[in-house]
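This is what each chain is made of:
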Amino acid sequence: MFPSVRAEACLQLPSKGYSIIQRVPKTALITGITGQDGSYLAELLLQKGCRVFGMIRRSSYEKLDRIAHIEKDLELIQGDLLDQNSLHNAIALARPDEVYNLAAMSFVPTSWNQPVLTGEFTGLGATRLLEAIRQIKPDTRFYQASSSEMFGKVRQTPQNEDTAFYPRSPYGVAKVYAHFITVNYRESYNLFAVSGILFNHESPRRGLEFVSRKISYGAACIKLGLAQSLSLGNLEARRDWGYAGDYVRAMWLMLQQDRPEDFVIATGASHSVSEFVESAFSHLGLDWHDYVKVDPKLLRPAEVHHLLGDHGKAERVLGWKPEVRFEQLVKMMVDADLALLQRQISAGNSPAPRV
Ligand code: NAP
Ligand code: F7E
């Protein structure tokens, strides 16, 4: 049904009429290229020899810091998930073999403040992009960034591809919509459209508002005397935290298969927020009890208490497994924030602690 693509390279081999094998680079379009995952995925696709387009939205100041080191190798197109015409133009211009839809309003607490806008970006945005693909280039392979937040108030543990969804935030609800519209376009129009149901994944490029980076940055600030305390919300929540660099490999692998299928991507180990804190502070030789305060304002209206993923299908079918484990991830993030702050101090800038 779908043309088979070699899994080991992002290069296409023309099948007939060539006496010499000629390699044609594949073209990929990434929405959300300025985000954490977009930057790692762009690096991966460039390494694989792809021509990489990135969609960026207009802003009053440029937010290209995560991709500054590869910007010269990328082709950036202005577009917005809220604007159907810009998505049509992006597909018509890039004529991509693969589209990775990573753009979304991705911060869960904000989704209670802006539930309608979250639905527009994170939910309907996927439909707009699928429509552009269906109308302009229906042989494009499509990846949707689905989320473990869809499991929310979990129906079983660990969660796999068959676990029922029970989202607990407007963000989670919007992601369920985007997930099922992806399934629907696959079944209705025979598009090669897949969802990766990714559990939390972090890195030194994570936004400062997410708990992992808030902790690594906050602990580094305290270590350097730039802050005295760190305020957090629910310390008991448990997450299955992996490394973003590992997870973008899984996205790419999903689009190299013979058949479009959805996959859970996780590490299979969960840890509490307080374990993350303990690990980060002890790496810096600090006792977190002396510094961390619980601020009730940071508690959520409805919490997702415990997420734990089963990536068995991804391991069997894609040959994917996580390489970076929890302790390594925490140390990587803390070391990176310490180095970042030290560079800023040496350069004469006064870093602004966000604790
Ligand atoms: P992120 O760092 O917050 O990046 C989000 C990206 O979306 C940014 O590039 C942002 O652009 C862009 N964006 C937001 N609204 C847009 C709009 N209306 N039009 C165009 N672009 C827009 O997120 P991430 O951590 O890389 O996550 C990537 C995707 O995976 C998201 O869809 C997220 O919901 C999903 N996901 C993440 C995780 C995780 O643990 N990281 C787990 C499961 C699923 P600006 O730079 O202009 O703001
Ligand atoms: O919270 C608790 C908080 O904001 C994790 C997004 O990438 O992963 C992410 O969503 C946990 C929650 O991530 C603070 O209550 C305690 O239980 O880092 P987070 P998230 O909500 O799990 C999913 C898979 C996505 O798809 C999302 O896009 O930590 N927590 N104290 C705190 N969280 C934050 N942010 N700040 C605190 O002070």
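Just so we're clear, the structure is a prediction, and the values are computed from it rather than from any experiment. (Residues numbered from 1 in each chain as written. Chains lettered and ligands numbered in written order. Predicted model: local features only at pLDDT ≥ 70, side-chain atom pairs only at ≥ 80, totals over all residues. Heavy atoms only, no water.)

Caption draft 1: Highlighting the nonpolar core. Counting residues in hydrophobic clusters, the biggest one holds 66 residues, and the most contacted among them are Tyr100, Tyr143 and Phe281. Looking at this core element by element, the count peaks at 8 residues for helix α7 (residues 244-254). Contact partners of Phe281, with chain neighbours within four places excluded, come to Ile215, Ala219, Ile222, Leu230, Leu286, Trp288, Tyr291 and Val292. Of all hydrophobic cores here, the second largest spans 22 residues; its members include Phe53, Leu81, Ile91 and Phe142. (Core = buried A, V, L, I, M, F, W, Y, C linked by side-chain atoms within 4.5 Å. Buried < 20%, exposed > 50% of the residue type's maximum accessible area, 1.4 Å probe, protein only. Helix = DSSP H or I, 4+ residues; strand = E, 2+ residues; numbered from the N terminus. Contact = heavy atoms within 4.5 Å.)

Caption draft 2: Expanded view of the site of ligand 1. Among the 25 residues in the neighbourhood of ligand 1, the closest are listed as Thr34, Asp37, Arg57, Ser106 and Tyr171. Between Gln36 and ligand 1, the recorded distance is 3.0 Å, taken from a backbone N or O atom to an oxygen atom. Residue Tyr171 places a side-chain N or O atom 2.5 Å away from an oxygen atom belonging to ligand 1. Taking 900 Å² as the accessible area of ligand 1 by itself, protein coverage stands at 90%. (Near = heavy atom within 4 Å. Polar contact = N/O pair within 3.5 Å; in protein donor to acceptor, adjacent residues only side chain to side chain. Areas by Shrake-Rupley, 256 points an atom, 1.4 Å probe, with all protein chains shown as cover.)

Caption draft 3: Here's a closer look at a negative patch on the surface. A grouping of Glu278, Asp287, Asp290 and Glu327 is seen on the molecular surface, where their side chains present a negatively charged patch. Structurally, Asp290 can be placed in the loop between α8 (273-283) and β15 (292-294). (Patch = residues over 30% accessible without salt bridge, like charges linked within 9 Å, V, L, I, M, F, W, Y side chains within 5 Å. Salt bridge = Lys/Arg side-chain N within 4 Å of Asp/Glu carboxyl O. Lys, Arg positive; Asp, Glu negative; His and termini not counted. Charge placed at Lys NZ, Arg CZ, Asp CG, Glu CD.)

Caption draft 4: Geometry of unusual backbone geometry. Cis rather than trans, the peptide bond between Thr157 and Pro158 has omega equal to -5°. Among the secondary structure elements, Pro158 is positioned in the loop between β7 (141-147) and α5 (170-189). A positive phi is found at Arg95, a non-glycine position, where the angle reads about 45°. Note on placement: Arg95 falls in the loop between α2 (84-94) and β6 (98-101). A relative accessible area of 44% means that Arg95 is categorised as partly exposed. Its identity as a non-glycine residue notwithstanding, Asn190 has a phi of 65°, on the positive side. Secondary-structure assignment places Asn190 in the loop between α5 and β8 (192-198).

Caption draft 5: Seen up close, the domain arrangement of the protein chain. The domain boundaries assigned to the protein chain delineate domain 1 (25-203 + 242-265) and domain 2 (211-238 + 270-305 + 326-346). Averaged C-alpha coordinates put domain 1 and domain 2 at centres separated by 28 Å. If you look at the interface, domain 1 gives 10 residues, while domain 2 gives 11 residues. Summing both sides of the interface, domain 1 and domain 2 together bury roughly 920 Å²; the carbon and sulfur share of this comes to 66%. (Domains from an automatic or database assignment. Buried area = accessible area lost by both parts, 1.4 Å probe.)

Caption draft 6: Representation of the site of ligand 2. Ligand 2 sits among 22 residues. The nearest are Ser106, Ser147, Tyr171, Arg300 and Glu303. Tyr171 places a side-chain nitrogen or oxygen 2.7 Å from an oxygen atom of ligand 2. Between ligand 2 and the protein, one listed contact pairs an oxygen atom with a side-chain N or O atom of Lys214 at 2.8 Å. Burial of ligand 2 by the protein amounts to 95% of the accessible area it has alone, namely 700 Å².

Caption draft 7: Structural detail: the side chain of Asp337. With respect to the element layout, Asp337 can be found in helix α10 (residues 326-346). For Asp337, a relative accessible area of 2% translates into the label buried. The contacts of Asp337, once residues within four sequence positions are left out, are Arg213, Ser216, Tyr217 and Ala220.

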